[in-house]
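# Results of the structural survey
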Amino acid sequence: MAYHYHRIIIKIGSNVFTQKDGLPDLKRIGHLVDQIAQIKKQGKDVILVSSGAVASGRSLMNVSEKYDAIAARQLLASIGQVKLINTYSNLFEQFNILCSQVLVTKEDFRDRLHYLNMKNCLEILLQHEVIPVVNENDVVSITELMFTDNDELAGLIASMLNAQALIVLTNVDGVYDANPESEGAELIKEVSGPAVDFSSFISSGRSQFGRGGMITKSTMAQKIAQLGIAVHIANGTRENILIDVLDDKVAHTRFLPNKKASGKKKWIAHSEHSATGVVRVNEGAKAALLSSKASSLLPIGITVIVSDFKKGDIIKLIDENNKLIGLGIAEYGSDKAKESIGKKNQKPLVHYDYLYLQN
């Protein structure tokens, strides 16, 4: 059974892009571009999220060990990003396809205005049949503002552009129920339903060149699937992998899309790092919010405003044990909210349409 997606995000990880010696694997990249061109020619929108700037820089220059790791990374990423985009540009040119470079940082997702600006940029590229090649801007990203890795970035882009699918290419066939190298380990072909704690059976080891391990990938995949986007984790080192994944002809892990969410909810879902206010709610409000019935957060269910916020800010909702329940957009500021705590017949602090719940 083939999957008929119209808009697909394809993420190429460092461990697929890079050879064992740390240099780019140009043959493999060429083969992936060949497949992406085939997919594009079917009339589908394709957005490529690609690692490889540092590896590309490493192919051009050796950096003395006297420089610290961040400085070396900035140097290699800066010269390597030019090499990376030229590599893709030359390969896509053979198929008369234009690609563009889109460099982003976490700051670009920090508020609705930045978010919409980037969304509009990507949409206009797609309208003109251009393949955006998205990567984290390692030159200006400092540790606390870095994405966990490009898996997180790919998930954000998939949500932002309402993609039907995200294909994450790594160097194993998917998610296993134990260490893939241990005897008896089996590939999990399908994941659906409520959250699974992958840390209980996935080893936390990371790939040789990437920042993110399989736990990161699985957690991200589940979050994206909850927003109505199918996620496929597959082995990017296999021949014809992209075509075979879309034709469902190769063993890999698929996270089934669960429910549809509005564009605003998709943005809110990824905004935990930019939330300003924190509001604690009582058990009754928690139960109402997490029930199957659509509920807004009313002041009667609030016990305390933990940190202040203004109207329109993203706020965190926590329970009495300080566990995150969800995120939402404040309908009014904390000053007014404090006056309304515990009172009946008050305007909702967070309307259901602007509420994202963790479950």
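Everything here concerns the structure above.
In this text, all values refer to a predicted model and were calculated from it rather than measured experimentally.

The rules behind these values
- Residues numbered from 1 in each chain as written.
- Predicted model: local features only at pLDDT ≥ 70, side-chain atom pairs only at ≥ 80, totals over all residues.
- Heavy atoms only, no water.
- Salt bridge = Lys/Arg side-chain N within 4 Å of Asp/Glu carboxyl O.
- Helix = DSSP H or I, 4+ residues; strand = E, 2+ residues; numbered from the N terminus.
- Buried < 20%, exposed > 50% of the residue type's maximum accessible area, 1.4 Å probe, protein only.
- Pairing = 2+ DSSP bridges.
- Axes fitted to C-alpha atoms, helices over the stretch in contact; angles between N-to-C directions.
- Disulfide = S-S within 2.5 Å.
- Expected span 1.5 Å × (residues − 1).
- Arc of directions from axis to C-beta.

### Thoughts on the pattern of salt bridges
- Applying the stated criterion to the full structure yields 11 salt bridges.
- Arg7 is the salt-bridge partner of Glu123, the closest N and O atoms lying 3.1 Å from each other. With Glu123 in helix H5 (residues 112-127) and Arg7 in strand S1 (residues 7-12), this residue pair connects regions lying 116 residues apart in the sequence. The burial state of Glu123 is the same as that of Arg7; both residues are buried.
- The salt bridge involving Glu129 is made with Lys40; its shortest N-O contact spans 3.0 Å.

### What about the sheet that holds strand S11 (residues 314-318)?
- Here we have five strands laid out as an open sheet, ordered S10-S9-S11-S12-S13, and mixed in their pairing. This sheet does not close on itself; its edge strands, each paired only once, are strand S10 (302-307) and strand S13 (355-357). Along the sheet, successive strands turn relative to each other by an average axial angle of 25°, direction set aside.
- Sheet topology note: the strand S9 (residues 277-281)/S10 ladder contains four bridges and is antiparallel. Within the sheet, the bridge partner assigned to Val279 lies in S10 and is Ile305.

### Thoughts on the sheet that holds strand S3 (residues 99-104)
- One open sheet holds the eight strands; their spatial order is S3-S4-S2-S1-S5-S7-S8-S6, and the pairing between them is mixed. With one partner strand each, in any of the chains shown, S3 and strand S6 (190-191) form the two edges of the open sheet.
- Taken together, the six bridges between S1 and strand S2 (residues 45-50) define a ladder with parallel strand orientation. Bridging from a neighbouring strand, Ile10 pairs with Leu48 of S2.

### Topic: the pairing of S1
- For S1, the tally of buried residues reaches six of six residues, placing the bulk of the element in the interior.
- Neither face of S1 is open: one carries Arg7, Ile9 and Lys11, the other Ile8, Ile10 and Ile12, and all of them are buried.
- As paired strands, S1 and strand S5 (residues 165-170) are joined by five bridges and run parallel to one another. Note on S5: the bridge partner recorded for Ile10 is Ile167.

### Quick notes on the pairing of S5
- Across the six residues of S5, six count as buried, placing the element largely inside the fold.
- Residues Ala165, Ile167 and Leu169 point to one face of S5 and Leu166, Val168 and Thr170 to the other, with burial holding for every one of them.
- Pairing of S5 with strand S7 (residues 230-235), which is carried by six bridges, proceeds in the parallel orientation. If you follow Leu169 over to S7, its bridge partner there is Ala234.

### With respect to the state of the cysteines
- On inspection of all chains with the given rule, the structure shows zero disulfides.
- In this structure Cys99 is a free cysteine whose sulfur lies 13 Å from that of Cys121, the closest cysteine sulfur available.

### What to know about H5
- In this model H5 runs 22 Å from its N-terminal to its C-terminal C-alpha over 16 residues, within 8% of the 22 Å that 1.5 Å per residue would give.
- For H5, every residue scored as buried is listed here: Tyr115, Met118, Lys119, Leu122, Glu123, Leu125 and Leu126. Take H5 and look down its axis: the buried residues cluster within an arc of 160°, on one side only. Seen from the buried face of H5, the exposed residues on the opposite side, beyond 90 degrees, are Leu113, Asn117 and Gln127.
- A positive phi of about 60° marks Glu129, the residue just after H5.

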